Amino acid sequence: MEFEAIIGVEVHAQILTKSKMFCRCSADVAHAAPNTHTCPICLGMPGTLPVINQAAVEATVLTGMALNCTIPSFSKFDRKNYHYPDLPKGYQVSQYDYPLTKDGYLDVQVNGETRRLRIRRVHLEEDTARLVHEGDTSLIDFNRSSLPLMEIVSEADMRSAEDTYAYLVKLRQILRYLGVSTGNMEEGAMRCEANISVRPVGMEEYGTKVEVKNLNSFRSVRLAIAYEIERQIGVLEEGGEIQQVTMGWDEAGLRTVFQRSKEFAEDYRYFPEPDLPPLEIDQALRESIAARLPELPDAKRERCVMVYGIRSEDARLLCEDRATAGFFERAVEAASERVSAQTVANWIVGEVFRLLGESGQGIDQIKMQPEDLAALLDMLAGGTINATVAKEVLEEMFTSGQAPDVIVERRGLRQINDQEALSAAVRTALDDNPGPVAQYLAGKEQVLGFLIGQVMRATRGQANVQIVTELLRAELEKRR
Amino acid sequence: MKLDREQVLHIAELAKLSLTEEETELFSEQLSEVLAYFEQLQELDTDDIPPTAQAIYQRNVMRPDTTAPCLTPDEALANAPQRKGDYFQVKPILD
């Protein structure tokens, strides 16, 4: 029997704000010592009054807009009641029936096909404290308590691990483009839970769904979902039944493991948060947020192909993140007429990416300015330097941030275009290598490359390769 | 509507209360009485009235995203029944 999988995901993303969701404690808690970022509000003391952080609301609405959601004019916060030590108030402030944004979608590419995956809602809530389990005791750090958290809930439109992976990668890319979250899964800034069920192809009703937690990387999302689908199909094929349970991903064992049963339906007794007046997202606020919506990756990629005429694969690589796309565009804008956008793209995707990979830096961290890359490529196009030297200069620009003309002058790297000087170097190379010369004259023309290399070495890589090649051919003919 | 024993015990469970047999019986009656009062409200026709989340009309009470000094760990932990280093310490949580 053929089975199909039905998958929906809930993503929690920490919102990049300066202060927490409902108090003015600093939200910069990533490397902070325990319980150094707390106050009576985020410790959940009775009698405190939370106040909504406007930046968190705006970041959520902005995200909703980027995900093609509608923004209802009315929204409110609710209390989600449950007992757990990471939540001393006994409830989490979240949003129940009036989320800030809803009914969106994300188009993703899966195996060359565009899939539209619907998004049910994006709402705003507070994070809980961090628990550290230590032997026979548990420790609590309230630094994370009440950090602003966005919950992005998809519809159950995904049918495979690949769908889900593509969705999450695209979602993270958009969060980063918007600057609303780092989207870093390994650091817990983006967390994912998947609801997975399988059913025989053609069946209308859904199978029993299983929730999979502890997906701490994109890799584990893909592996866990693929594993869980196979597990459920296996159970059904053996005539078994799927239990409604929560499973966890076992990173070491590469399998999903039983965490707890869901025999008791969750009973959160949501009710309106009386301490927080509702929100009205009126036309003016909506427009001011919409004005901050940057060009998103799909649109940017299409524009790069249309406007600059670069290859779509290069456009995809360059638009992967906003900083790289910005670097490319600034370089193209600064480039002279004799430097094509495709040349700029080639150098960024090739040499600059290689240097970034080796240094482990992001493109927004390097000293080299895009305008200087444009200047370097102009020197190359104009024949002031050759390609080998350009790569060498680029490396120095990358580490020192110096302008290319300064480096070329200081190191005397100008290309030698002087026929006479090069003729001398060519003759010397031929005199010093009688063997290869004889081979060439005997018809083995491949040795020309070796002879070019000899001249280039003698001129410290600065010779104009084209002129050297012509001179070599002519001089060799003379010796026939 | 009379709340049965099961329902009272469920509510007690959610509220983390352990009730004696007598209390269960007593609260079953008292809670039912409270519910009966609210049932009177159900008689009103509210079909055309939007739900009200708050009794006072206030909207968009927000603050700018600025920070203020926090408590020191000692201040934060002053009421903790148990601490370990600068952490609050609680009984082990398995899940």
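In case you missed it, the structure is sitting above this.
Residues numbered from 1 in each chain as written. Chains lettered and ligands numbered in written order. Predicted model: local features only at pLDDT ≥ 70, side-chain atom pairs only at ≥ 80, totals over all residues. Heavy atoms only, no water.

The next point concerns the packing of helix H13 (residues 434–441) of chain A against helix H14 (residues 447–458) of chain A. All names here are of chain A. Closest axis-to-axis distance for the H13/H14 pair is 9 Å, and the angle between their directions is 145°. Viewed along their axes, H13 and H14 form a crossing whose handedness is left-handed. On the side of H13, the interface is formed by Pro436, Gln439 and Tyr440, while H14 contributes Val447, Leu448, Phe450 and Leu451. Its residues placed into classes, the contact of H13 with H14 shows six nonpolar, one polar and no charged. (Axes fitted to C-alpha atoms, helices over the stretch in contact; angles between N-to-C directions. Helix = DSSP H or I, 4+ residues; strand = E, 2+ residues; numbered from the N terminus. Left-handed = near helix turned anticlockwise from the far one by under 90°. Contact = heavy atoms within 4.5 Å. Nonpolar A, V, L, I, M, F, W, Y, C, P; charged D, E, K, R; others polar.)

This brings us to the pattern of salt bridges. Residues and elements named next belong to chain A. Summed over all chains, the structure comprises 47 salt bridges over all chains. As a salt-bridge pair, Arg159 and Glu4 come within 3.9 Å of each other at their nearest N and O atoms. With a gap of 155 residues between them, Arg159 in the loop between strand E10 (148–154) and helix H2 (161–178) and Glu4 in strand E1 (residues 3–14) connect regions that are remote in the sequence. The exposure class assigned to Arg159 is partly exposed, which follows from its relative accessible area of 30%. The exposure class assigned to Glu4 is partly exposed, which follows from its relative accessible area of 23%. Taken together, the salt bridges that share partners define one network made up of Glu295, Lys300, Arg303 and Glu329. (Salt bridge = Lys/Arg side-chain N within 4 Å of Asp/Glu carboxyl O. Buried < 20%, exposed > 50% of the residue type's maximum accessible area, 1.4 Å probe, protein only.)

A word on unusual backbone geometry. Residue and element names in this part refer to chain A. In this structure, Asn214 takes a positive phi of about 65° despite not being glycine. Its location among the elements puts Asn214 in strand E12 (residues 210–215). Phi is positive for Arg269, close to 40°, though the residue is something other than glycine. Along the chain, Arg269 turns up in the loop between strand E14 (255–261) and strand E15 (271–272). The exposure class assigned to Arg269 is partly exposed, which follows from its relative accessible area of 35%.

Shape is all these values report; function is a separate question.
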